[in-house]
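Spelled out, the chains give:
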Protein chains: 2
Amino acid sequence: MIEDLVDRLRLVRSPGIGPVTYRQLIARFGTPAAALAAVPDLARRGGGKVPPLCARADAEREIAKVEKLGAKWLAVGQGLYPRLLAELEDAPPLLIVKGNLGLLDKPAVSIVGARNASAAACRFARGLAYDLGQNELVVVSGLARGIDSAAHDGAIESGTIGVVAGGVDIFYPPENEQRQKALYERGLVMAEMPPGTEPRARHFPYRNRIIAGMASGTVVVEAAPRSGSLITARLAAEAGREVMAVPGSPLDPRAQGCNQLIRDGATLVQTAVDVVEQVRPLQTQVRSPAEPYRPAEPMNGSDDALGIVEELLGPSPVPVDEIIRLSGAPSGAVQMALLELDLAGRLERHAGGKVSLRAA
Amino acid sequence: MIEDLVDRLRLVRSPGIGPVTYRQLIARFGTPAAALAAVPDLARRGGGKVPPLCARADAEREIAKVEKLGAKWLAVGQGLYPRLLAELEDAPPLLIVKGNLGLLDKPAVSIVGARNASAAACRFARGLAYDLGQNELVVVSGLARGIDSAAHDGAIESGTIGVVAGGVDIFYPPENEQRQKALYERGLVMAEMPPGTEPRARHFPYRNRIIAGMASGTVVVEAAPRSGSLITARLAAEAGREVMAVPGSPLDPRAQGCNQLIRDGATLVQTAVDVVEQVRPLQTQVRSPAEPYRPAEPMNGSDDALGIVEELLGPSPVPVDEIIRLSGAPSGAVQMALLELDLAGRLERHAGGKVSLRAA
């Protein structure tokens, strides 16, 4: 099993292999080992430089570090990896978690909001988190200042998961060190990045997709227009989850993001009862256990398909379905051609299953 | 024309003839005079005592009083009577108005809310009313304390209509005397009750239906649960008008009514732009000019129908359509039978076109 983890981690940490590519490689080749072995050839066929793969030694070092931290690995589709999160097309292939793993198996709601929220909103978030905990819901948030901190505090007794943008061992913001340590003990801290990673601006949207993806629904408490919380809300909506928002006076600029969300269709929530009512139907949907990836389709015709697919691609994003239809080639062959271009660093993947050719 | 007004007013002020009955009498008999003449016979056939009709002298006295006040009459479906209001099944047959009649012809939005609203909400209502005025919308409200007063103040330059629950000449609450006088001069004051009527609790829901019915949409600003403003909102929704509400923090009890309205489907509004966007489509709908009432259908079979209809009615409200279907009688005959029972004081009319037999 450790070999399998090493292979997975090498894939995940190799430049140019994002979560979508990872997922497709596993779908094609069945095992991480087979995928890893196939990457150089695929990239060559795609017409790019062979990307440097993450070295086995580096992967082993990271695994040792995680072990030393007392943290654990979760692989998508396996074991305690959160079921709802696994449904995302770009679900993180591997997660590092430290704390009470029992929380991973329970229905969860995310609470997000402004770092500079008003005292009243923080109080509201803390009370809401507490009440959701009394309703057997785990509260997920981002261990940031303001609303996030209040949400974790409210649910610390009942169960709360903090998803951090950097490494599982990094305290950011620094004043949240005690809070994060409390989550190691009584909650759970989750990270996608390697231990020791200081969070950077680009990490936060990735972190936000995990917060949105973990939960049946996301509640936004006080958020300015164009804030990170609204990105989380959008990601939740895209994942088909409930988006809920706490309203505020139009005279309060910090309420405008939430009010706009409600105008756009988010459910207005005033109490935990409103939230429970909203997420319960989703929770009780019978979900089949996470399926193993389907074995790869036969890979005939990829050579021909590659040329056709290259022809069809340009700098503007096009849905993969359209490429398949226009190419006249079998779907499996087109997917393989895209994977080859991807690994060769020549493909760009966009939201909504669209792809374009990367400028040379 | 004065004769016609006397007849209309005598019908309106006769006990037991409400707006729906009035409308049906005119529909059956074509003119107020003919309806007035028919009432005693109809009531006798319905099996009740013949109701005392409003005396001609009383009607003439009221008309003289209105003239002395410098106020005018509006008859449903005629002249400047507000088109949207005339669409209500229970539109007031006659209205008394004092002020700038030119406002009656313009698109209107109603603003309602708590009498004990917060200063911030009053400021918001005043600003909203002002901005709606700048968008060529007349602001309708109820000349009450709090939100109503703020709305009138904001729109005093651009145009505002105050609908009072009592007589057009009664200042209620007393401290609104100056405001109401300002509306006589620069806005418009509207009443359904005779001059001199002190408003009583039962008058307010009637007044609220006029506020809701006059406008393409109603905006609720700060309202507690189970408040009169929410009744106005419900009446607006029932009339097919836009219902809009200004949100507030769940921590503020005065915001709970509005937040609940939004949960129930009202549009969340933060600015006049949000309101204009919502009501403009309704305003630009081409409405045919108010139609004269259709001439009465032949009244055959009413005797037979009366017995059948009485059989079918009980103490529980039943839709008129169902009575027609179950009776097997022509629709006109059933309607006439209901009118007879109504005038005999034996019918109770309920919301949604339902009727029941009044307990003897």
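Each value, and the rule that gives it
Residues numbered from 1 in each chain as written. Chains lettered and ligands numbered in written order. Predicted model: local features only at pLDDT ≥ 70, side-chain atom pairs only at ≥ 80, totals over all residues. Heavy atoms only, no water. Helix = DSSP H or I, 4+ residues; strand = E, 2+ residues; numbered from the N terminus. Rg over C-alpha atoms; globule rule 2.2 N^0.38 Å. Buried < 20%, exposed > 50% of the residue type's maximum accessible area, 1.4 Å probe, protein only. Contact = heavy atoms within 4.5 Å. Areas by Shrake-Rupley, 256 points an atom, 1.4 Å probe, with all protein chains shown as cover. Lys, Arg positive; Asp, Glu negative; His and termini not counted. Charge placed at Lys NZ, Arg CZ, Asp CG, Glu CD. Salt bridge = Lys/Arg side-chain N within 4 Å of Asp/Glu carboxyl O. Patch = residues over 30% accessible without salt bridge, like charges linked within 9 Å, V, L, I, M, F, W, Y side chains within 5 Å. Pairing = 2+ DSSP bridges. Axes fitted to C-alpha atoms, helices over the stretch in contact; angles between N-to-C directions. Buried area = accessible area lost by both parts, 1.4 Å probe. Polar contact = N/O pair within 3.5 Å; in protein donor to acceptor, adjacent residues only side chain to side chain. Nonpolar A, V, L, I, M, F, W, Y, C, P; charged D, E, K, R; others polar. Parallel < 35°, antiparallel > 145°, perpendicular 65-115°, else oblique. Left-handed = near helix turned anticlockwise from the far one by under 90°. Least-squares fit on C-alpha atoms with pLDDT ≥ 70 in both. Phe/Tyr/Trp six-rings, centres within 6.5 Å; stacked < 30°, edge-to-face > 60°. Lys NZ or Arg CZ within 6 Å of the ring centre and 35° of its normal. Arc of directions from axis to C-beta. Expected span 1.5 Å × (residues − 1).

Before going further, it helps to spend a moment on the overall build of chain A. Helix and strand counts for chain A come out as 15 helices and 12 strands. A compact globule built from 360 residues would reach a C-alpha radius of gyration of about 21 Å, and chain A, at 21 Å, matches this within 12%. C-alpha extents for chain A along the principal axes are approximately 60 × 45 × 40 Å. Expressed as a percentage of its 360 residues, the buried residues of chain A come to 53%. Considering only intrachain contacts with a sequence separation of at least 6, the fraction spanning at least 24 residues in chain A is 71%. For chain A, the accessible area works out to roughly 15,900 Å², and carbon and sulfur atoms hold 52% of it. Across chain A, 40 positive and 41 negative side-chain charges occur, with their mean positions spaced 4 Å apart.

Attention shifts here to the pattern of salt bridges. Residues and elements named next belong to chain A. Overall, the coordinates contain 44 salt bridges over all chains when judged by the stated rule. Notably, a salt bridge pairs R56 with E60, separated by 3.5 Å at the nearest N-O pair. On the criterion of helical spacing, the pair formed by R56 and E60 is a turn pair, its members being 4 residues apart in helix α4 (residues 56–68). With a relative accessible area of 32%, R56 lands in the partly exposed category.

Quick look at a nonpolar patch on the surface now. All names here are of chain B. On the surface, I308, L312 and L326 cluster together into a nonpolar patch covering about 220 Å² of accessible area. The topology assignment puts L326 in helix α14 (residues 320–327). The exposure class of L326 is partly exposed, given its relative accessible area of 47%.

Right, let's get into the sheet that holds strand β11 (residues 347–350) of chain A. Residues and elements named next belong to chain A. Taken in spatial order, the 3 strands of this open sheet run β10-β12-β11, and their pairing is antiparallel. Looking at strand neighbours, the two that pair on one side only are β10 (318–319) and β11, the edges of this open sheet. Strands in contact with helix α15 (residues 331–343) are β11 and β12 (354–357); relative to β11, the strand with the most contacts, it is inclined by about 110 degrees.

Let's shift gears to the interface of chain B and chain A. One frequently used descriptor of interface size is the decrease in accessible area upon assembly of the parts. Counting residues at the interface gives 20 residues for chain B, matched by 20 residues for chain A. Buried area between chain B and chain A, summed over both chains or domains, comes out near 1,600 Å², and the portion from carbon and sulfur atoms is 60%. The closest approach of N and O atoms between R263 of chain B and D274 of chain A, which form a salt bridge, is 3.4 Å. Run the count over chain B and chain A and you get 8 residue pairs in polar contact (both at pLDDT 80 or more). If you list the elements that add at least two residues to the side of chain B that touches chain A, you get α6 (119–134), α11 (256–263), β9 (267–268) and α12 (272–284) of chain B. Take the side of chain B that touches chain A: its biggest share by element is 5 residues, from α11 of chain B. Of the residues contributing to the side of chain B that touches chain A, the split by class is 9 nonpolar, 7 polar and 4 charged.

Next up on the list: the packing of helix α9 (residues 203–214) of chain B against helix α10 (residues 228–238) of chain B. All names here are of chain B. Where α9 meets α10, the closest approach of the two axes is 8 Å, and the angle between their N-to-C directions is 50 degrees. Comparing their axes, α10 and α9 come out oblique. Crossing geometry of α9 relative to α10 is assigned as right-handed. Where α9 abuts α10, its residues P205, N208, R209, I211 and A212 lie against G228, I231, T232, L235 and A236. Each residue belonging to the contact of α9 with α10 can be placed in one class, and the counts come to 6 nonpolar, 3 polar and 1 charged.

Turning our eyes to something else, we now look at the relation of the copies chain B and chain A. With an axial shift of 0.1 Å and an RMSD of 0.1 Å, the rotation relating chain B to chain A amounts to 180 degrees. Here the two chains are linked by the operation of a two-fold rotation axis. Minimal C-alpha separation from the rotation axis in chain B is found for G248 of chain B, amounting to 2.0 Å. Counting the interface residues of chain B, we find that 100% of their copies in chain A are interface residues as well, pointing to one common contact surface.

Attention now moves to the environment of D148 of chain B. Residues and elements named next belong to chain B. By secondary structure assignment, the location of D148 is in helix α7 (residues 147–154). With a relative accessible area of 5%, D148 lands in the buried category. In the structure, D148 is positioned 21 residues away from G127 in sequence and 13 Å away in space, judged by C-alpha atoms. Those residues in contact with D148 that lie beyond four places of it in its chain are I111, V112, G113, S141, G142 and L143. Of the polar contacts made by the side chain of D148, one reaches the side chain of S141; its length is 3.1 Å.

Right, let's get into the sheet that holds β9 of chain B. All names here are of chain B. Strand order across the open sheet formed by 9 strands is β1-β2-β6-β5-β4-β3-β7-β8-β9, with mixed pairing between neighbours. Of all strands in the sheet, those with a lone pairing partner are β1 (72–75) and β9, marking the two edges. Strand direction decides the pairing type here: β1 and strand β2 (residues 94–99), joined by 4 bridges, are antiparallel. Along β2, the bridge assignment pairs K72 with V97. Relative to strand β7 (residues 217–221), α10 is tilted by about 160 degrees, and along the sheet it contacts β3 (108–113), β7 and β8 (242–246).

The next thing to look at is the packing of aromatic side chains. In total, this model carries 4 aromatic pairs over all chains according to the counting rule given. Centre to centre, the rings of Y172 of chain B and F204 of chain B are 6.2 Å apart; their planes meet at 55 degrees, and the pair counts as tilted. With a gap of 32 residues between them, Y172 of chain B in the loop between β5 (160–164) and α8 (177–186) and F204 of chain B in helix α9 connect regions that are remote in the sequence. A relative accessible area of 24% means that F204 of chain B is categorised as partly exposed. The residue whose ring lies beneath K98 of chain A is Y184 of chain A, and the NZ or CZ to ring-centre distance is 4.3 Å.

Before going further, it helps to examine α8 of chain B. Residue and element names in this part refer to chain B. Among the residues making up α8, those that are buried are Q180, L183 and Y184. Angular distribution of buried residues about the axis of α8 spans 105 degrees; they occupy a single face of the element. For α8, exposure combined with an orientation more than 90 degrees from the buried face picks out Q178 and E185. Looking at the buried positions of α8, the neighbouring elements they touch are β2, α7, β5 and β6 (188–191).

The subject of this paragraph is helix α6 (residues 119–134) of chain A. Given a rise of 1.5 Å per residue, 16 residues ought to cover 22 Å, and the 23 Å separating the end C-alpha atoms of α6 of chain A matches this to within 8%. Those residues of α6 of chain A lying buried are A121, C122, F124, A125, L128, A129, L132 and G133 of chain A.

As a further point, take the side chain of D342 of chain B. Within the secondary structure layout, D342 of chain B lies in helix α15 (residues 331–343). Among all residues touching D342 of chain B, those that are not within four sequence positions of it are G16, T21, L347 and R349 of chain B.

This paragraph deals with the pairing of β12 of chain A. Residues and elements named next belong to chain A. Bridge count for β10 against β12 is 2 bridges, and the pairing is antiparallel. Paired with P319 across the bridge in β12 is K354. Counted between consecutive antiparallel strands, the loop separating β11 from β12 contains 3 residues, among which G352 sits at a positive phi close to 75 degrees.

All names here are of chain B. Looking at where H152 falls in the secondary structure, it is placed in helix α7. Residue classification places H152 among the buried positions, given a relative accessible area of 0%. When neighbours within four sequence positions are excluded, H152 is seen to be in contact with S141, G142, L143, T160, I161, G162, R179 and L183.

A word on unusual backbone geometry. Of the consecutive residues Y172 of chain A and P173 of chain A, the connecting peptide bond is found in the cis state with omega at -5 degrees. The topology assignment puts P173 of chain A in the loop between β5 (160–164) and α8 (177–186). One non-glycine residue, E222 of chain A, lies in positive phi territory at about 50 degrees. Checked against the element boundaries, E222 of chain A lands in the loop between β7 (217–221) and α10 (228–238). Non-glycine residue E136 of chain B carries a positive phi angle of around 65 degrees.

Everything listed is a geometric property; what it means functionally is a separate question.
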